[in-house]
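One letter stands for each residue in the lines below.
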Amino acid sequence: MLKPNIEKKLNYQINRELYSSYLYLSMSSYLKGEGLDGYANWFKIQAEEERDHALIIYNYVHLSGGNVVLDAIEAPPATFDGVRDVLVKSAEHEALVTSLINDIVTLAQKEKDHKTSNYFMWFVDEQVEEEDNAATNLKKYDLMGSDGKGLYLLDQELAGRVYKVPSPLATAE
Ligand code: FEO
């Protein structure tokens, strides 16, 4: 069984991961409108990964005998101030998600809920990669993205991203 305060926090995190998915889908749509199909592809796959993050937590709550309560997801921004703005906002968003994951682990440890604390180590590791990906996208843009040719090459590189289930736990019954 999950303690009520942990269950509440996990439900909140399901909501935040679904919001992340919504935010990245909106970024993808904006980038597609700008003619950057490679960037749009990268963010669309990121949106799928975020949905999977939500499902991993959804599955964990069920496996732990808890109740999933799905709350409303607010609208993400519909437009952005260029590619760099998208990349800065995605990096900021990942830093925020990392702090939310850290809060879950901190609470689980305080409550001596070692199962939840241990389970969320996957997310602690995942956030290292998530923050690194966002920072790398921004760094590459700042190196090459300000001229058309460089932006074209970056867009082609990001077109190569393919979807992979981030963890088998996302598909657990
Ligand atoms: Fe679910 Fe990008 O963190």
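Residues numbered from 1 in each chain as written. Predicted model: local features only at pLDDT ≥ 70, side-chain atom pairs only at ≥ 80, totals over all residues. Heavy atoms only, no water.

(A) View of the layout of surface pockets. The space that makes up the largest pocket amounts to roughly 210 Å³. Along its surface, the largest pocket is lined by Trp 42, Ile 45, Glu 49, Glu 126, Glu 129, Asn 133, Arg 161, Val 162, Lys 164, Val 165 and Pro 166. The set of elements that each furnish at least two residues to the lining of the largest pocket consists of α2 (37-63) and α5 (121-144). Of the residues contributing to the lining of the largest pocket, the split by class is five nonpolar, one polar and five charged. (1 Å grid on protein atoms, 1.4 Å probe; cavity = no way out; pocket = protein on both sides within 12 Å on 5 of 7 lines; lining within 4 Å. Points joined across faces, edges and corners; volume = space filled by probe spheres on them. Helix = DSSP H or I, 4+ residues; strand = E, 2+ residues; numbered from the N terminus. Nonpolar A, V, L, I, M, F, W, Y, C, P; charged D, E, K, R; others polar.)

(B) Region of the structure containing the nonpolar core. Ranked by internal contacts, the top residues of the largest apolar core, which has 21 residues, are Met 27, Leu 31, Tyr 39, Phe 43, Val 83, Val 86 and Leu 87. Among the secondary structure elements, those contributing two or more residues to this core are α1 (4-33), α2, α3 (83-110), α5 and α6 (148-158). When residues of this core are assigned to their parent elements, the largest contribution, six residues, is made by α1. If we skip the residues at most four places from it in the chain, Met 27 touches Phe 43, Phe 80, Val 86, Lys 89 and Ser 90. Counting residues in hydrophobic clusters, the runner-up holds 19 residues, among them Leu 10, Val 97, Ile 104 and Ala 108. (Core = buried A, V, L, I, M, F, W, Y, C linked by side-chain atoms within 4.5 Å. Buried < 20%, exposed > 50% of the residue type's maximum accessible area, 1.4 Å probe, protein only. Contact = heavy atoms within 4.5 Å.)

(C) Quick peek at the pattern of salt bridges. Following the criterion strictly, the structure yields eight salt bridges and no others. The partner of Lys 32 in a salt bridge is Asp 37, with the nearest N and O atoms 3.6 Å apart. Asp 52 is the partner of Arg 51 in a salt bridge, and the nearest nitrogen-oxygen pair spans 3.1 Å. (Salt bridge = Lys/Arg side-chain N within 4 Å of Asp/Glu carboxyl O.)

(D) Main features of unusual backbone geometry. Although it is not a glycine, Lys 112 sits at a positive phi angle of roughly 60°. Structurally, Lys 112 is set in the loop between α3 and α4 (114-119).

(E) View of the packing of α2 against α3. Following both chains from N to C, one finds α2 and α3 inclined at 20°, their axes separated by 13 Å at the closest point. Of the possible angle classes, the one that applies to α2 and α3 is roughly parallel. Between α2 and α3 lies a crossing whose hand is left-handed. Two secondary-structure elements touch here, α2 through Tyr 39, Phe 43, Gln 46 and Glu 50 and α3 through Val 83, Val 86, Leu 87, Ser 90 and Glu 94. The residue inventory of the contact of α2 with α3, partitioned by class, reads five nonpolar, two polar and two charged. (Axes fitted to C-alpha atoms, helices over the stretch in contact; angles between N-to-C directions. Parallel < 35°, antiparallel > 145°, perpendicular 65-115°, else oblique. Left-handed = near helix turned anticlockwise from the far one by under 90°.)

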